[in-house]
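Structure at a glance
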Amino acid sequence: VSARIIDGQAIAAEIREEVARGVADLLILGTTPGLAAILVGDDPASQVYVGSKEKAAKGAGMNSWVHRLPSAASQQELEQLISLLNDDPAVHGILLQLPLPKGLDAEAALDLMDPRKDVDGLTTASAGLLALGRPGFVPCTPLGIMTLLERSGAQTAGAHSVVVGRSNLVGRPISTLLSLKSANSTVTLCHTGTTDLAEHTRRADILVVATGQPKAIKADMIKPGATVIDVGINRNEEGKLVGDVDFESALSVAGAITPVPRGVGPMTVAMLMSNTLKSARLHKVAGK
Ligand code: NDP
């Protein structure tokens, strides 16, 4: 038996089409959703990420701006820019591309951001709302994972979900989302302090892996028939992109699995578009 492949590329394309339709509806009402990205310094990976977000926003019919600051920019310059964008009514979403160059305080900068424009869901306010199960912006990768689960027909309610990795970007928020009443999963959160990881992962109906360790999860650590979501993006010795799960061997055990690439990755940008549309709609309703 071979696991069903959850096609993140196809599901992300669906989301992007839906967002483009939503943007067109808002245009008729006189609002163009706008996403402002802040890119500090010249990290090549960050430039690629910001470029793909800009392209996706324009592709969906949104306004998109990239504000570039030099790596020598001061905290004050960065914070002034965030304040300007907070006050700009054409901007519905602000994205601070991380990591920032050394010497800049990302947490302080993020916490200046208006939570109503925090389409990346990374401010303390957004994290607090998520922890309390209140409406707010959810970080794009965990939101993308929930969407993949829903659209691939995975049953979260009553399921035992195991999340491996507890980062603020992925592991912790996805474990919260799965435990909320809307998903109704029973959640185990594993990390490097977990004794006998395999004992936990083998009991997972839904296994979400976000460790940044290539092939950390082998076939014998997976429950037969489980839905496996591999968040990892790593490069192997040959320079090929690989996930955190040993995909080839997992195929014979899992019921459904996301590939790397074309799994979780494309969902992240699609959910950023979805969050920006959501923000523009909320601003419209609030009359701003
Ligand atoms: P972090 O390095 O911030 O966190 C990794 C987490 O995994 C930590 O909590 C760590 O535990 C835990 N961990 C590491 N090794 C093991 C192990 N052997 N057993 C159990 N737990 C372990 O990474 P991120 O969460 O930011 O990213 C994880 C992966 O997902 C990376 O490959 C990254 O590139 C990818 N990623 C992909 C995205 C996408 O769009 N598809 C978006 C974001 C990330 P501890 O806390 O104890 O150190």
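Read on for an overview of the structure. (Residues numbered from 1 in each chain as written. Predicted model: local features only at pLDDT ≥ 70, side-chain atom pairs only at ≥ 80, totals over all residues. Heavy atoms only, no water.)

1. Regarding the nonpolar core
Rule in force here: For the purposes of this section, nonpolar cores are sets of buried Ala, Val, Leu, Ile, Met, Phe, Trp, Tyr and Cys residues that join through side-chain atoms within 4.5 Å. Each residue is placed in one exposure class: buried if its accessible area under a 1.4 Å probe, protein chains only, is under 20% of its type's maximum, exposed if it is over 50%, and partly exposed if it falls in between. Helix numbers and strand numbers start at the N terminus; a helix is a DSSP run of H or I with at least 4 residues, a strand a run of E with at least 2. The contact criterion used is simple: two residues touch if any of their non-hydrogen atoms lie within 4.5 Å.
One finds Ile 145, Val 208 and Met 273 to be the most contacted residues of the largest nonpolar core, which totals 50 residues. Elements that contribute at least two residues to this core include exactly helix H1 (8-28), strand E2 (34-40), helix H2 (44-59), helix H6 (140-151), helix H7 (171-179), strand E7 (206-209) and helix H10 (264-285). The dominant element in this core, judged by the number of residues it contributes, is H10, at nine residues. Beyond its immediate stretch of four places on either side in the chain, Met 273 contacts Val 19, Leu 35, Lys 53, Ala 56, Ala 57 and Met 62.

2. Overview of the environment of Gln 75
For Gln 75, the location among the structural elements is in helix H3 (residues 75-87). C-alpha separation for the pair Gln 75 and Leu 104, spaced 29 residues apart in sequence, amounts to 5.7 Å. Ignoring sequence-local partners within four residues, the contact set of Gln 75 consists of Leu 104, Asp 105, Ala 108 and Ala 109.

3. Focus on the pattern of salt bridges
Quick note on the threshold: Between Lys or Arg on one side and Asp or Glu on the other, a salt bridge is scored when a side-chain nitrogen of the former is within 4 Å of a carboxyl oxygen of the latter.
Enumeration according to the criterion identifies five salt bridges in this entry. With a shortest N-O distance of 3.0 Å, Glu 14 and Arg 151 are connected by a salt bridge. Here Arg 151 lies in helix H6 and Glu 14 lies in helix H1, a separation of 137 residues in the sequence. Overall, Arg 151 belongs to the partly exposed group, its relative accessible area being 37%. A salt bridge links Arg 151 to Glu 18; the shortest N-O distance between them is 2.9 Å. With Arg 151 in helix H6 and Glu 18 in helix H1, this residue pair connects regions lying 133 residues apart in the sequence. On the basis of relative accessible area, Glu 18 is assigned to the partly exposed category, the value being 34%. Connected through salt bridges with shared partners, the residues Glu 14, Glu 18 and Arg 151 form a single ionic network.

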